[in-house]
Amino acid sequence: MEPKLHIGVLALQGAFAAHAQALRDCGAEVRLVRTQEDLNGIQGLVIPGGESTTMSNLLVASGLSEVLKERFQHGFPVFGTCAGMIMLAETILDGRADQISLGALELDVRRNGYGRQNDSFEQDIVVHSFETPFHALFIRAPVIEAVGSDVEVLASWGDRPVLVRSGNALACSFHPELVSDLRIHRIFLSLVENFSVTNPR
Amino acid sequence: METSSSRSVTGSFPVKRGLAEMLKGGVIMDVVTPEQAKIAEDAGACAVMALERVPADIRRDGGVARMSDPEMIQGIQAAVTIPVMAKARIGHFVEAQILQALGVDFIDESEVLTPADEAHHIDKFKFTTPFVCGATNLGEALRRISEGAAMIRSKGEAGTGNVVEAVRHLRSIFGDIKKIGTADSAELFEWAKRLQAPLSLVQEIAETGQLPVPLFCAGGLATPADAAFAMQLGAHSVFVGSGIFKSDNPALRAKAIVEATTHFMDADVLARVSTAIGAPMTGIGMDEINQRYAERGW
């Protein structure tokens, strides 16, 4: 049997428990990450949805922000959903002035771009590599307003990208951890697997 | 570009419950002005509860406590980027309609306000906006969920700065969930009767070992240690009401409670953030109060 992938889920605030469950359902070994020490031995990191301003504060307070920026610059696999995608975007619109970015993806992302909670919605979306649609939940979701030249758009809804990848960084504006469909988590785990072959722990 | 033709659905239960999931591991702070809301957001609150008076003041002033003035809620919505919650009286579905029209992100059908209906809670399925409701025990929690609540909070005793009631309610809810986990299928009928709760929800708990919606802790939390205590007991997040803005240094205390909620298992962090944050709210003992808000709701 192949050894299990060790995946960290940033657990400062937000939907980390749902991501941990989805990753375990994919067969991964999961660790909740709250400190720099928690990063030891993990092969990829998921940044969940939640409140990006809260996470930003706690990333700075824990010293994780600098360590993560450094890792992502060297291709360490990361998957950000909703607020997690905001954390990864180079340009954050409608954020707070003191909000930090981990700069892993060349994106312009507008916080709450799809509106407040009353505008939150469920929608089937087409992901290019999937044979059937993916049922996506958008919760006070951020809008991707622009993507850099090296960013691959894996799915769009309306005229907006909603699932994107650049190198080993994957991000989406919706919540694959809130449905039982594991296909998007599996895309991430394949990025981790490829990275781990060339960069053993 | 090709896109799916299916229509978007808003206000569904998964969408409502989804926001509750996003608020896990965080601190929701009571605020009465836009300035307080900013302090809360600066400190790392994951949401704010907009209300006219914090529970400690409602308790002191007496009289009828109602939904907040819409102008005040809008002022707070304009001041922050994080979700804004607001309270409606138990059973007062028109206050809830107004809060939904204002675009608040979560409605708290709250026992801290004076109840408007002595027999009925709001039919929360009729709303697009998600609801949170208080509970003192598992039966109450399941009745609220059966009415459409997307989040439950332990009631505790608001405005007291005394954590004892919140702990009683959390322990009662988690204790019964554990017992149901060991019950056989025939015993579940008896549990449903005893809890006055739908059998289907009792059976779901027997299967999953948890409530079908997130369980947050509220009512009397005043210190970083209180927040971590609630989290270690199994709460998913904490509400802090009077505990922040009735303390000596709200900004410092708010930030400390946020860190304590994230690092609730790390005693070194808890010791650090509990140091030099000024005095907490004075608080009151349970034998000193004449109105228990937790008894409101049915």
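Described below are features of the structure shown in this document. (Residues numbered from 1 in each chain as written. Chains lettered and ligands numbered in written order. Predicted model: local features only at pLDDT ≥ 70, side-chain atom pairs only at ≥ 80, totals over all residues. Heavy atoms only, no water.)

## Brief notes about the interface of chain A and chain B
1) Next: Each side of the interface is counted separately: chain A has 42 residues, and chain B has 45 residues.
2) Next: Of the roughly 3,400 Å² buried at the junction of chain A and chain B (both faces included), carbon and sulfur atoms supply 54%.
3) Next: Contact with chain B buries surface across chain A, with A:Arg116, A:Gln117 and A:Asn118 losing the most and accounting together for 19% of the total.
4) Next: Joining chain A to chain B, the criterion identifies four salt bridges. (Contact = heavy atoms within 4.5 Å. Buried area = accessible area lost by both parts, 1.4 Å probe. Salt bridge = Lys/Arg side-chain N within 4 Å of Asp/Glu carboxyl O.)

## Quick notes on the nonpolar core
General note: in soluble globular proteins, nonpolar side chains tend to be found buried as a group.
1) Next: Formed by 107 residues in total, the largest nonpolar core has its most connected members in A:Ile47 and B:Leu142.
2) Next: Looking at this core, the element that brings in the most residues is helix H7 (residues 164–182) of chain B, giving six residues.
3) Next: Sequence-distant contacts of B:Leu142, that is, excluding residues within four places in its chain, are made with B:Leu195, B:Ala197, B:Pro198, B:Leu201, B:Val202, B:Ile205 and B:Leu211.
4) Next: A:Leu5, A:Cys26, A:Ala155 and A:Ile184 belong to the second-largest nonpolar core, a separate cluster that totals 39 residues. (Core = buried A, V, L, I, M, F, W, Y, C linked by side-chain atoms within 4.5 Å. Buried < 20%, exposed > 50% of the residue type's maximum accessible area, 1.4 Å probe, protein only. Helix = DSSP H or I, 4+ residues; strand = E, 2+ residues; numbered from the N terminus.)

## A few points about the side chain of B:Gln36
All names here are of chain B.
1) Next: On the secondary structure map, Gln36 appears in helix H2 (residues 34–43).
2) Next: Residue Gln36 is classed as buried on the basis of its relative accessible area of 17%.
3) Next: Setting aside chain neighbours within four positions, we find Gln36 in contact with Asp30, Val31 and Phe245.

## Focus on the environment of A:Arg110
Residues and elements named next belong to chain A.
1) Next: Within the secondary structure, Arg110 is located in strand E6 (residues 105–110).
2) Next: Here Arg110 falls in the partly exposed class, since its relative accessible area comes to 26%.
3) Next: Measuring from C-alpha to C-alpha, the distance between Arg110 and Cys26 comes to 31 Å, with 84 residues separating the pair along the chain.
4) Next: Residues in contact with Arg110, not counting those within four places in the same chain, are Leu93, Asp94, Pro142, Val143 and Glu145.

## Things to note about the pairing of E6(A)
Residues and elements named next belong to chain A.
1) Next: Covered by surrounding structure in E6 are Leu105, Leu107 and Val109 only, the residues Glu106, Asp108 and Arg110 on the alternate face being uncovered.
2) Next: Taken together, the four bridges between strand E5 (residues 89–93) and E6 define a ladder with parallel strand orientation. Residue pairing across strands places Ile92 opposite Val109, the latter belonging to E6.
3) Next: In this sheet, strand E9 (residues 143–147) lies alongside E6 in antiparallel orientation, the contact comprising four bridges. (Pairing = 2+ DSSP bridges.)

## Structural notes on the packing of aromatic side chains
Working definition: an aromatic ring pair is given by the centre-to-centre distance plus the angle between the planes.
1) Next: Within this structure, the stated rule accounts for twelve aromatic pairs over all chains.
2) Next: Seen from their ring centres, A:Phe121 and A:Phe138 are 4.5 Å apart, and the 5° between their planes marks the pair as stacked. Taken together, the positions of A:Phe121 in strand E7 (residues 121–127) and A:Phe138 in strand E8 (residues 134–138) put the pair 17 residues apart, joining distant regions of the chain.
3) Next: Looking at A:Phe138, the relative accessible area reads 1%, which means it is buried.
4) Next: Here a set of aromatic residues connected by ring pairs shows up, and it is made of A:Tyr114, A:Phe121, A:Phe130, A:Phe134, A:Phe138, A:Trp157 and A:Phe174.
5) Next: If you follow A:Arg71 out to its NZ or CZ, it ends over the ring of A:Phe76, 4.8 Å from the centre.
6) Next: Geometry around B:Tyr293 places B:Arg59 over its ring, the cationic atom sitting 4.2 Å from the centre. (Phe/Tyr/Trp six-rings, centres within 6.5 Å; stacked < 30°, edge-to-face > 60°. Lys NZ or Arg CZ within 6 Å of the ring centre and 35° of its normal.)

## As for the environment of B:Val80
Residues and elements named next belong to chain B.
1) Next: As for its placement among the helices and strands, Val80 is situated in the loop between helix H4 (70–79) and strand E4 (84–89).
2) Next: Taking relative accessible area as the criterion, Val80 reaches 6% and is therefore assigned buried.
3) Next: The sequence separation of Val80 and Lys38 amounts to 42 residues, and the corresponding C-alpha distance is 6.2 Å.
4) Next: Ignoring any residue separated from it by four or fewer positions in sequence, one finds Val80 in contact with Ala37, Lys38, Glu41 and Val48.

## Here's the deal with the pattern of salt bridges
Residue and element names in this part refer to chain B.
1) Next: Scanning all chains against the criterion turns up 32 salt bridges over all chains.
2) Next: A salt bridge links Lys179 to Asp176; its shortest N-O distance comes to 3.6 Å. In this pair, Lys179 and Asp176 are both assigned in helix H7, three residues apart and thus about one turn of the helix distant.
3) Next: Judged by its relative accessible area of 15%, Asp176 falls in the buried class.
4) Next: Linking Glu190 and Arg194 is a salt bridge whose minimum nitrogen-to-oxygen distance equals 3.8 Å. A residue pair is termed a helical-turn pair when its members lie 3 or 4 positions apart in one helix, as Glu190 and Arg194 do in helix H8 (residues 185–195) at four residues.
5) Next: Residue Glu190 is classed as partly exposed on the basis of its relative accessible area, which comes to 38%.
6) Next: Beyond isolated ion pairs, a larger network of salt bridges with shared partners links Arg53, Asp57, Arg60, Asp61 and Lys246.

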